[in-house]
Amino acid sequence: MTATAESTLHGRLTALAKRQIEMGEVRGVAAADPVNIPMIRHWVEAMGDANPLYTDAEAAAGSVHGEIVAPPAMIQVWTMPGMSRNGKQVVTPVDDVLKALNAGGYTGVVATNCEQTYHRYLKLGERPVPATRLSGFSGPKQTALGEGYFVTWNVTWYSRDEAVAEMLFRVLKFRPRERKTKPETREPYPLKPAINKDTAFFWEGVVKGELRIQRCADCGELRHPPGPVCPSCRSVNRTHVVASGEGEVYSYVVHHNPPVPGRKTPFVVAVVELPEGVRIVGNVVDCPPEEVGIGMPLHVTYRQMDDELILPMWVPRES
C-alpha cells in the first residue's frame, strides 16, 4: 500500500472511530436466560470454585446475601450470544470499527487488557443487559506483532437501571508481518506467555521437560494456575511438585475463528484433569479435532515454538 493510500486509510479509520466514540453507550438485549443455578453449577465446576454461596441454598441463606448469588466473574457469560448467534443482536459502536480494520488489512487480533469491576452480586432470576461504548482508538503503532491500532471499549451490565458490573477491554488489531524466516532460525512465536515471580518456576520446569504444580509449603495443597497466596490457609510459602504428565480431557473447545497468530485453525483447547487433583489448560495435538472427547486419556509433550519458547501440549495416550 502506498504512503498516500495509507494516509487515506488512517484518515477514514480515525474519523469512523471519532463518530463511534461520540455515539456514547449503546444498550444491547437482555440475557437470553435469567441468572440460574444450572448455569452457575456448570461454571463453578469448570472453574473449581467451591464457594457454597453460589450453589448451596442453606449456606447462602446464612450469609450477608441471604440467598444464592452468582459468581461476579460470570458477568460476561450471561449475555454472550453463543456460537449460532441466533436471536436479536444489537450492533455496538465497536463493530463497525473492527470491520473497517479488517477491511484495511489489520486482520490479526490479540487482547491486551481486560479489567472488570463488580458493583454487586447478581441474584437468581435477574437478566442483565450489556451496554457498550467505544472509549479509545490509537495508532498506527509499531509492535512486535506488526503495525496496528489499539481499540478500547467499555461494557456496563445493568439490572433494570442499576449498573452491576463494568469491563474495560482493549485489543490490538494488527497487520500480520510477512514471513521472512531464515533457514537456520525459527520465526518468533507471537503469543508469548506472561512470566512473573509466581509462574517462573513452571516455565523453568517446561524447559527441563517437567510439568510442575505449585504446592503450599505449609498445608501442602496443590494449585494451578500458580498464585502468590494459598487459597486454603492463606500462606505465602510456596514450593512445587513434578506431575506424572498423565491426564484426561475434562472439557474442550475446537477453535475455528477468529484467526490466531502463529496457529493454524481448527485446533483444540482443552481443560486437562491431572491425577494429582488439579486442572490445566493446553492444546491437544497429533489428533484430529473430531476425535477428541471428554475423558480421553492424554500425555504431556513439549513443543519448541521458536528459538526460545517451549510449550507443554497434550497428545492422546494409549489406554
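Further up the page is the structure itself.
Per chain, residues are indexed from 1 in the order of the written sequence. In view of the model being predicted, local features appear only for residues whose pLDDT reaches at least 70, and side-chain atom pairs are presented and counted only at 80 or more, with totals across whole chains, interfaces and linings using the full set of residues. Remark: hydrogens and water are excluded; side-chain values derive from all non-hydrogen atoms of the structure.

Caption draft 1: Here's a closer look at the overall build of the protein. In this description a helix means any DSSP run of H or I spanning at least four residues, a strand means any run of E spanning at least two, and both kinds are numbered starting from the N terminus. Of regular secondary structure, the protein possesses five helices and 13 strands. Expressed along its principal axes, the backbone C-alpha trace of the protein runs to roughly 65 × 60 × 40 Å. In the protein, of all internal contacts separated by at least 6 residues, the share reaching a separation of at least 24 is 62%. Surface accessibility in these figures is a Shrake-Rupley result with a 1.4 Å probe; residues are shielded only by whichever protein chains are displayed. For the protein, the exposed area adds up to about 18,000 Å²; of that, 52% sits on carbon and sulfur atoms. Charged residues are defined narrowly, with Lys and Arg counted positive, Asp and Glu counted negative, and His plus the chain ends left uncounted. Where a charge lies is defined by one atom per residue type, namely NZ (Lys), CZ (Arg), CG (Asp) and CD (Glu). Charge centroids of the protein, computed over 35 positive and 36 negative side chains, lie 6 Å from each other. Residues are treated as being in contact if the distance between any of their heavy atoms lies within 4.5 Å.

Caption draft 2: Structural view of helix 5 (residues 200-207). Relative accessibility under 20% of the residue-type maximum defines a buried residue, over 50% an exposed one, and the middle range a partly exposed one, all with a 1.4 Å probe and only protein chains included. Of the positions making up helix 5, those classed as buried are Phe 201, Phe 202, Trp 203, Gly 205 and Val 206. In the core, the buried residues of helix 5 are packed alongside strand 6 (212-216), strand 8 (238-242), strand 11 (279-284), strand 12 (297-304) and strand 13 (310-316). Where helix 5 terminates, the next one or two residues include Gly 209, which has phi positive at roughly 75°.

Caption draft 3: Broad picture of the pairing of strand 12. Criterion used throughout: strands pair if DSSP finds at least two bridges between them. When strand 9 (residues 246-255) meets strand 12, the two strands line up antiparallel, connected through three bridges. Bridge assignment links Glu 246 to a residue of strand 12, and that residue is His 299. As defined by bridge partners, strand 12 adjoins strand 13 across seven bridges and the pair is classed as antiparallel. In the sheet register, Gln 304 faces strand 13, and the bridge partner there is Ile 310. With antiparallel pairing between neighbouring strands as the criterion, strand 12 and strand 13 make up a hairpin whose turn holds five residues.

Caption draft 4: Up close: the packing of aromatic side chains. Geometry of aromatic contacts follows a simple scheme: Phe, Tyr and Trp rings, the Trp one being its six-membered ring, pair when their centres are within 6.5 Å, and the pair is stacked under 30 degrees between planes, edge-to-face over 60, tilted otherwise. Here the structure, examined in full by the defined rule, presents four aromatic pairs. Centre to centre, the rings of Tyr 106 and Tyr 149 are 5.2 Å apart; their planes meet at 85°, and the pair counts as edge-to-face. Taken together, the residues Tyr 106 in the loop between helix 4 (95-103) and strand 2 (108-118) and Tyr 149 in strand 4 (residues 147-159) connect sequence positions 43 residues apart. Each member of the pair, Tyr 106 as well as Tyr 149, is classed as buried. Taking the centre distance of 5.1 Å and the plane angle of 85° together, the rings of Phe 202 and Trp 203 count as edge-to-face. The residues Phe 202 and Trp 203 share a single accessibility class, namely buried.

Caption draft 5: View of the side chain of Thr 92. Tracing the sequence through the fold places Thr 92 in the loop between helix 3 (57-61) and helix 4. The class of Thr 92 is buried, set by a relative accessible area of 18%. With residues near it in sequence (within four places) discarded, Thr 92 still touches Gln 20 and Thr 132.

Caption draft 6: Representation of the nonpolar core in the model. Residues Ile 40, Trp 78, Leu 101, Phe 137 and Val 151 are the most contacted members of the largest nonpolar core, which totals 32 residues. In terms of residue count, strand 4 provides more of this core than any other element does, five residues in total. Contact partners of Ile 40, with chain neighbours within four places excluded, come to Val 35, Tyr 54, Thr 55, Val 69, Ala 70, Pro 71, Met 74, Trp 78 and Leu 124. Residues enter a nonpolar core if they are buried and are Ala, Val, Leu, Ile, Met, Phe, Trp, Tyr or Cys, with the set joined through side-chain atoms within 4.5 Å. Counting 30 residues, the second-largest nonpolar core is a separate cluster that includes Phe 202, Val 249, Leu 309 and Ile 310.

Caption draft 7: Just the pattern of salt bridges, in detail. Salt bridge, as used here, is a side-chain nitrogen of Lys or Arg placed within 4 Å of a carboxyl oxygen of Asp or Glu. What the rule picks out here adds up to 13 salt bridges. For Arg 212, the salt bridge goes to Glu 210, with nearest N and O atoms at 2.9 Å. Under the relative-accessibility criterion, Arg 212 is labelled buried at 9%. Given the relative accessible area of 25%, Glu 210 is considered partly exposed.

Caption draft 8: Region of interest: the sheet that holds strand 8. In space, the three strands of this open sheet follow the order 7-6-8, with antiparallel pairing throughout. The sheet terminates laterally at strand 7 (222-223) and strand 8, the two strands that pair on one side only. In this sheet, strand 8 lies alongside strand 6 in antiparallel orientation, the contact comprising five bridges. Considered in strand 8, the bridge of Ile 213 is made with Val 241. The angle between two axes is taken between their N-to-C directions and runs from 0 to 180 degrees, where each axis is a line fitted to C-alpha atoms and a helix contributes only its stretch in contact. Relative to the sheet, helix 5 contacts strand 6 and strand 8, its axis offset from that of strand 6 by approximately 145°.

Caption draft 9: Structural view of the sheet that holds strand 3 (residues 129-142). Strand order in the open sheet formed by five strands is 1-3-4-5-2, with antiparallel pairing between adjacent strands. Looking along the sheet, the strands with just one partner apiece sit at the ends: strand 1 (26-27) and strand 2. Of the strand pairs in this sheet, strand 3 and strand 4 are connected by 11 bridges, and their pairing is antiparallel. Bridge assignment links Val 129 to a residue of strand 4, and that residue is Tyr 158. Sheet strands in contact with helix 1 (residues 3-22) are strand 3 and strand 4, and its direction is about 155° off that of strand 3. The sheet contacts of helix 4 involve strand 3, strand 4 and strand 5 (162-174), and relative to strand 4 the element is tilted by about 160°.

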